[in-house]
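Descriptive structure summary
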Amino acid sequence: MAETPGVVDLRSDTVTKPTAGMRRAMAEADVGDDVYGEDPTINALEDEVAALFGHEAALFVPSGTMGNQVALRTLVAPGSELICDADAHVVTYEYGAAAAHGGISTRTWPTQRGLLDVDAVTSMVRTGRWHDVATRAIAVENTHNRGGGTVQPLDRLRLLRARATELGVSVHCDGARIWNAHIASGVPLAQYGGLFDTLSVCLSKGLGAPVGSLMVSTEARVAEARMMRKRLGGGMRQAGVLAAAGRYALEHHVRRLADDHEHARLLADAAGADPATVDTNIVLVDVDDAPAVADKAKGEGVLISPVGPRQLRLVTHLGVDRPAADRAAEVLARLVPAD
Ligand SMILES: *Cc1c(COP(=O)(O)O)cnc(C)c1O
C-alpha cells in the first residue's frame, strides 16, 4: 500500500492510491444494486455532489471521459456541433468519442494556456440556417489540463454564460479539476455550477479516489445520461464501495489541495518556470530535451512526464508531501539548467 520508498511520482495526479482512511470508508460502505437505484452510498454521493454545484441531480460514472460524453450528448444532437478549445481533453484525449458515439461535429479555437477568449469563442457560434451546422454547446475546461492547470477567470465565465444564453447555446464544464479551481480562486462550487448547463467532475484526480466521476445537471438530463451510461456498459452494481471513496475524498481531500498548489509553486521555482503560469497543481517546464531530463530525473527517483520534445509536466497531489516536494525540487534545480 505504501508508495515506493524514495520515489516522487509527478507524472499525474491520477497516480494517487487510496489512503488508509479511505480504504476503511470503502470497506464499511453500505451497498446495493445501483442499476435498480438501490445503492445508498451512490445515492448519497450523487445528492451531495448535485447540492455542492447547486444543480438538481448528478450521476456517478466510471470515468471523466464518460461524464463528459454523456453530458455532451444531452446537449448536442447527432449532426450538430460542439465547440471547444483545440487543447481540450474532450477533443485530445477521448478517442473521438463525441463523434464516434454521439455523431457530434466539433470545431475548435486555438488557446494560450487553455484560457477562455469569450469574443473568439462566441464569434464561432453558427445558427444552423441554410447549410450551417448548428452549434448547440460550448465546452470549457476548468482547470485546464494541457494549459498547465489554468484557472478560468470568473468574469470570463460569466460573460460566456450571458452570451451563450443570448445565442441559445448550452455550456458544458469539463471540471475534472474544478476542485483545484475552487481552492485556488475561492469561487464557491455552487457559483461555478450556476454558470453551466452540465458539468463533469472527477474524484480520481487530485481528490485521490481510485475510480469515479460525476455528471451534474437537471433531473431530466441526468435521467437521459443514466440511460446512456447503461447503454455504454457503464451501469454498475454494488459500486457504493467506490462512491464511499469519493465521499471520503470530498470530506477530507478538497481543502488540502492548497498544499498541492504550494508544492507546485515550489517546483516551478526550482525548475525556473514562470510562476505567473502556475495557478494550481500543474507545472509546465520548457527544456531543450524533455525526454533526456525526464530520464535523468527518473534515475534520481523523480518521475515526470515529457509532454512534448521540449516540455515537461509536473503534477503535485495527495501522494507528494512537503519532504517529497523538497526532494524533487532539489533534483530539478540540478537537472534543469537556468536560462
Ligand atoms: C483526466 C481528465 C478527464 C477524465 O479522464 P478519465 O481518465 O476518463 O477519468 C477529463 N478532463 C480532463 C481535463 C482531465 O484531466
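This is a predicted model, so every value here is computed, not measured. As a convention, each chain's residues are numbered from 1 in the sequence order in which they are written. With the structure being a predicted model, the display of local features is reserved for residues of pLDDT at least 70 and the display and counting of side-chain atom pairs for 80 or more, all residues being used for whole-chain, interface and lining totals. Where side-chain values are given, they derive from all heavy atoms of the structure, hydrogens and water being excluded.

Here's the deal with the site of the ligand
Here a residue counts as near a molecule or strand whenever at least one of its heavy atoms sits within 4 Å of it. For the ligand, the full set of nearby residues is Ser-63, Gly-64, Thr-65, Asn-68, His-89, Glu-141, Asn-145, Asp-174, Ala-176, Arg-177 and Lys-205. Nitrogen and oxygen atoms within 3.5 Å of one another constitute a polar contact, given that in protein one can donate a hydrogen and the other can accept it, and given that sequence-neighbouring residues count only through two side-chain atoms. With respect to the ligand, the side chain of Asp-174 contributes an N or O atom lying 2.7 Å from a nitrogen atom. Lys-205 places a polar side-chain atom, nitrogen or oxygen, 2.8 Å from an oxygen atom of the ligand. In isolation the ligand offers 380 Å² of accessible surface; the protein chains occlude 83% of this area. Only DSSP runs of H or I with at least four residues qualify as helices, and only runs of E with at least two residues qualify as strands; both kinds are numbered from the N terminus onward. Here the shell around the ligand takes 3 residues from helix 3 (residues 64-75), the largest share from any one element. As a working rule, the residues Ala, Val, Leu, Ile, Met, Phe, Trp, Tyr, Cys and Pro are called nonpolar, Asp, Glu, Lys and Arg charged, and the rest polar, with Gly in that last group. Among the residues making up the shell around the ligand, the classes are represented as 1 nonpolar, 6 polar and 4 charged. Computed by Shrake-Rupley with a 1.4 Å probe, the accessible areas treat only the displayed protein chains as cover when residues are assessed.

Here we look at the environment of Val-70
Within the secondary structure layout, Val-70 lies in helix 3. For each residue, the accessible area found with a 1.4 Å probe, counting protein chains only, is set against the maximum for its type, and the residue is called buried under 20%, exposed over 50%, and partly exposed in between. You can call Val-70 buried: its relative accessible area is 0%. Taking C-alpha positions, Val-70 is 9.6 Å from His-101, a pair spaced 31 residues apart along the chain. By the convention used here, residues are in contact when the closest approach between their heavy atoms is within 4.5 Å. Setting aside residues no more than four positions away along its own chain, Val-70 makes contact with Met-215, Ala-225, Met-228, Arg-229 and Leu-232.

Examining the sheet that holds strand 9 (residues 282-286)
A pair of strands counts as paired when DSSP detects no fewer than two bridges linking them. Strand order in the open sheet formed by 3 strands is 9-12-11, and the pairing between neighbours is antiparallel. Taken across any chain shown, the strands that pair with only one partner, and hence form the sheet edges, are strand 9 and strand 11 (305-308). Going across the sheet, the axis of each strand differs from the next one's by a mean of 35 degrees, ignoring polarity. Bridging between strand 11 and strand 12 (residues 311-315) involves 3 bridges; their strand directions are antiparallel. The residue bridging Pro-306 from the neighbouring strand is Leu-312, located in strand 12. All axes here are fitted lines through C-alpha atoms, helices being fitted over the stretch that makes contact, and every angle between N-to-C directions spans 0 to 180 degrees.

Examining the side chain of Asp-197
Tracing the backbone through its elements, the reader meets Asp-197 in the loop between helix 9 (189-193) and strand 7 (198-202). Within the local environment of Asp-197, its side chain forms a polar contact with the side chain of Arg-161, the two groups lying 2.9 Å apart. Not counting residues up to four positions away in its chain, the partners in contact with Asp-197 are His-55, Leu-75, Arg-161, Ser-170, Val-171, Val-216, Ser-217 and Arg-221.

Description of the sheet that holds strand 2 (residues 57-61)
Within the open sheet, the 7 strands sit side by side as 2-8-7-6-5-3-4. Their pairing is mixed. Sheet topology places strand 2 and strand 4 (105-109) at the edges, where each strand pairs with a single neighbour. Averaged over all pairs of adjacent strands, the angle between their axes in this sheet comes to 20 degrees, without regard to strand direction. Relative to strand 6 (residues 170-175), strand 5 (residues 135-141) is paired through 5 bridges, and the arrangement is parallel.

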